[in-house]
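# Fold and geometry: a report
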Amino acid sequence: EEAAGRALFAGVGFTRGARFLANVVRNLALGGAPQKAVSNTSAVPFGGAVLSLNEAHAPVAVGAEALAPLPGEKAVPGWARGLRAGVSAHSKVDPGTGDLWFHGCVYSG
């Protein structure tokens, strides 16, 4: 989108019915995902990285200097690759144990 100078992905958050389905299909064709993975709600230091968080997706590890996703496999921490849901955007690190606490929901129907 930055290179194109315009939005390419269609919104799906507040759409319903045929518009929702059309937007999902368009996004799959553009980027191989039903919606754009924008991880921009909060950041938390954890496991030697800065994690950018958003409820709809797995956390993205970003470089502290450029605030850009780390390259390749490092972008999504190994423990997060098997998650079936995103993590809460305001996750907390337990100061006593160093554990990252979050929640997520998986909807099915």
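Residues numbered from 1 in each chain as written. Predicted model: local features only at pLDDT ≥ 70, side-chain atom pairs only at ≥ 80, totals over all residues. Heavy atoms only, no water.

## Topic: the overall build of the chain
Helix and strand counts for the chain stand at one helix and five strands. Counting from the amino terminus, the chain carries its helices and strands in the arrangement α-β-β-β-β-β. In the chain, which comprises 109 residues, the proportion classed as buried is 26%. Within the chain, counting contacts between residues at least 6 apart in sequence, those at least 24 apart form 26% of the total. (Helix = DSSP H or I, 4+ residues; strand = E, 2+ residues; numbered from the N terminus. Buried < 20%, exposed > 50% of the residue type's maximum accessible area, 1.4 Å probe, protein only. Contact = heavy atoms within 4.5 Å.)

## Some points on the sheet that holds strand β2 (residues 49-53)
Pairing is antiparallel in the open sheet, where three strands are placed in the order β1-β2-β3. The open sheet terminates on both sides in strands that have one partner only, identified here as β1 (42-46) and β3 (60-62). Here the strands of the sheet are splayed against their neighbours by 40° on average, with no regard to which way each runs. Here five bridges tie β1 to β2, and the two strands are oriented antiparallel to one another. (Pairing = 2+ DSSP bridges. Axes fitted to C-alpha atoms, helices over the stretch in contact; angles between N-to-C directions.)

## Quick notes on the pairing of β2
Hairpin connection, β1 to β2: the antiparallel pair is bridged by two residues, and G47 has positive phi, about 60°. Here β2 runs beside β3; their pairing, made up of three bridges, is antiparallel. Paired with S52 across the bridge in β3 is V60.

## Here's the deal with the nonpolar core
Counting six residues, the largest nonpolar core is built from V44, L51, L53, A61, V87 and L100. What V87 contacts, discounting residues up to four positions off in sequence, is L53, N54, E55, H57, P59, F102 and H103. (Core = buried A, V, L, I, M, F, W, Y, C linked by side-chain atoms within 4.5 Å.)

## Some thoughts on the confidence of the model for the chain
Detailed reading of predicted coordinates is not advised where the pLDDT is low. Taken residue by residue, the chain gives an average pLDDT of 77. The fraction at 70 or more is 77%. The secondary structure element of the chain with the lowest average pLDDT is β3, at 80, and the one with the highest is strand β4 (residues 92-93), at 90. (pLDDT = per-residue confidence, 0-100.)

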